[in-house]
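# Results of the structural survey
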Amino acid sequence: AQKVTQAQTEISVVEKEDVTLDCVYETRDTTYYLFWYKQPPSGELVFLIRRNSFDEQNEISGRYSWNFQKSTSSFNFTITASQVVDSAVYFCALSEGGSSNTGKLIFGQGTTLQVKP
Amino acid sequence: GAVVSQHPSWVICKSGTSVKIECRSLDFQATTMFWYRQFPKQSLMLMATSNEGSKATYEQGVEKDKFLINHASLTLSTLTVTSAHPEDSSFYICSAWTGYSNQPQHFGDGTRLSIL
């Protein structure tokens, strides 16, 4: 069965600190996709990144970076020099790939990040 | 980027009323749309998967007759909460997907439903 675990329920940091949000997944599929979404207080889900299981290259986008480690089934998300606007709930998600891909997302429980000024 | 419009954003109505929520993909065709429900401080719970032109597939425990889903075109899906009761109050959010594996789901802004 597929499962996504975000063990950190809430994290609080002070502005300009770096913070890493953990995500561990379980799947028997050899082809799958991993995602991160941001949900600010207004409620909408904002797509941040998609990574397929064959691409373990880490990615950096501005202050955001992602570390995909297949060996540990982890897809961690780091925000460098955090800002108050980064305060939100962050969801990690998994979907199956290949010909059986239905697009269904399995979400983790989310991590609430609070960045204090 | 891909835009999904969800309307209305907020509904307050009396118990027994039926409420319709629309989900539109504005700049792409969505073969599949998903409907989620989210309780406060919890994750998204998938309610149903809707494919254009066919009946929706509901997740276990979701009442089909309570939550009617229609996906009549490649850009529009609707969720109707029939005879809503206070326990149906929640945040409902839709997403739209092209059907291509290299594309993510794109989400609407959600609808806050309050049943009095």
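Before going into details, it helps to say that this report is about the structure given with it. (Residues numbered from 1 in each chain as written. Chains lettered and ligands numbered in written order. Predicted model: local features only at pLDDT ≥ 70, side-chain atom pairs only at ≥ 80, totals over all residues. Heavy atoms only, no water.)

## What to know about the interface of chain B and chain A
What counts, and what does not: Between two residues, a contact is recorded if the distance between any of their heavy atoms is within 4.5 Å. Two parts placed together each lose some accessible area; with a 1.4 Å probe, that loss summed over both constitutes the buried area. What counts as a salt bridge is simple: a side-chain nitrogen of Lys or Arg found within 4 Å of a carboxyl oxygen of Asp or Glu. Two N or O atoms count as a polar contact when they lie within 3.5 Å, although within protein this holds only if one can serve as hydrogen donor and the other as acceptor, and sequence-adjacent residues are included solely when both atoms are side-chain atoms. By definition, any uninterrupted DSSP run of H or I lasting at least four residues is a helix, any uninterrupted run of E lasting at least two residues is a strand, and each is numbered from the N terminus.
Facing the 21 residues of chain B at the interface are 21 residues of chain A. For the pair chain B and chain A, the two sides together bury roughly 1,600 Å², of which 55% comes from carbon and sulfur. When the buried area of chain B at its contact with chain A is split by residue, Ser43(B), Ser101(B) and Phe107(B) rank highest and sum to 28% of it. Where chain B meets chain A, there are 1 salt bridge. In this assembly, chain B and chain A are joined by 5 residue pairs in polar contact (both at pLDDT 80 or more). Of all the secondary structure elements, the ones that give two or more residues to the side of chain B that touches chain A are strand 4 (32-38), strand 5 (44-51) and strand 9 (90-97) of chain B.

## Details of the pattern of salt bridges
Residue and element names in this part refer to chain A. The test is simple: Summary of the burial criterion: residues with accessible area below 20% of their type's maximum are buried, those above 50% are exposed, and those between are partly exposed, where the area comes from a 1.4 Å probe applied to protein chains only.
Per the stated rule, a full pass over the model turns up 6 salt bridges over all chains. Asp-86 is paired through a salt bridge with Arg-63; the nearest N and O atoms lie 2.8 Å apart. With Asp-86 in the loop between strand 9 (74-79) and strand 10 (88-96) and Arg-63 in the loop between strand 7 (59-61) and strand 8 (64-69), this pair connects stretches of sequence that are 23 residues apart. Using a relative accessible area of 1% as the deciding quantity, one classes Asp-86 as buried. Connected via shared salt-bridge partners are Arg-51, Asp-55 and Glu-59.

## Concerning the state of the cysteines
Inclusion rule: Only a pair of cysteine sulfur atoms within 2.5 Å counts as a disulfide in this structure description.
In total, this model carries 2 disulfides over all chains according to the counting rule given. In this model Cys23(A) forms its disulfide with Cys92(A); the gap between the sulfur atoms is 2.0 Å. As the torsion about the S-S bond is roughly -65°, the Cys23(A)-Cys92(A) disulfide counts as left-handed. Here Cys92(A) lies in strand 10 and Cys23(A) lies in the loop between strand 3 (19-21) and strand 4 (24-26), a separation of 69 residues in the sequence. Note on accessibility: Cys23(A) and Cys92(A) belong to one class, buried. The residue that forms a disulfide with Cys23(B) is Cys94(B), at a sulfur-sulfur distance of 2.0 Å. Measuring the twist about the S-S bond at about 80°, one finds the Cys23(B)-Cys94(B) disulfide to be right-handed. With a gap of 71 residues between them, Cys23(B) in strand 3 (residues 19-25) and Cys94(B) in strand 9 connect regions that are remote in the sequence. For Cys94(B), a relative accessible area of 0% puts it in the buried group.

## Description of the packing of aromatic side chains
Residue and element names in this part refer to chain A. Spelled out, the test is: Paired rings are identified among Phe, Tyr and Trp, the last through its six-membered ring, by centres lying within 6.5 Å, and are further divided according to the angle between planes into stacked (under 30 degrees), edge-to-face (over 60) and tilted (the rest).
Under the counting rule described, the total for this entry stands at 18 aromatic pairs over all chains. With centroids separated by 5.9 Å and ring planes inclined at 85°, the aromatic side chains of Phe-91 and Phe-107 adopt a geometry described as edge-to-face. On the criterion of sequence distance, the pair formed by Phe-91 in strand 10 and Phe-107 in strand 11 (residues 106-107) is long-range, its members being 16 residues apart. A single burial state applies to Phe-91 and to Phe-107, both of which are buried.

## Overview of the environment of Lys66(B)
All names here are of chain B. Within the element layout of this structure, Lys-66 appears in the loop between strand 6 (57-58) and strand 7 (67-73). Along the backbone, Lys-66 and Arg-112 are 46 residues apart, and their C-alpha atoms lie at a distance of 17 Å. For Lys-66, the contacting residues outside a window of four places in its chain are Thr-80, Val-81, Thr-82, Ser-83, Ala-84, His-85 and Asp-88. A polar atom in the side chain of Lys-66 sits 2.8 Å from the backbone oxygen of Ser-83.

## Details of the sheet that holds strand 3 of chain B
Residues and elements named next belong to chain B. Which entries qualify depends on this criterion: Only strands joined by at least two bridges in the DSSP assignment are considered to pair. Here the axes come from fitting lines to C-alpha atoms, over the contacting stretch only for helices, and the angles between their N-to-C directions go from 0 to 180 degrees.
On the basis of which strands lie adjacent, the open sheet formed by 4 strands has the order 1-3-8-7 and antiparallel pairing. Lying at the two open borders of the sheet, with one neighbouring strand each, are strand 1 (4-7) and strand 7. Strand-to-strand, the axes of this sheet are offset by a mean angle of 15°, without reference to chain direction. Two elements, strand 7 and strand 8 (residues 76-81), share 5 bridges in a ladder whose sense is antiparallel. Directly across from Leu-68, in strand 8, lies its bridge partner Thr-80.

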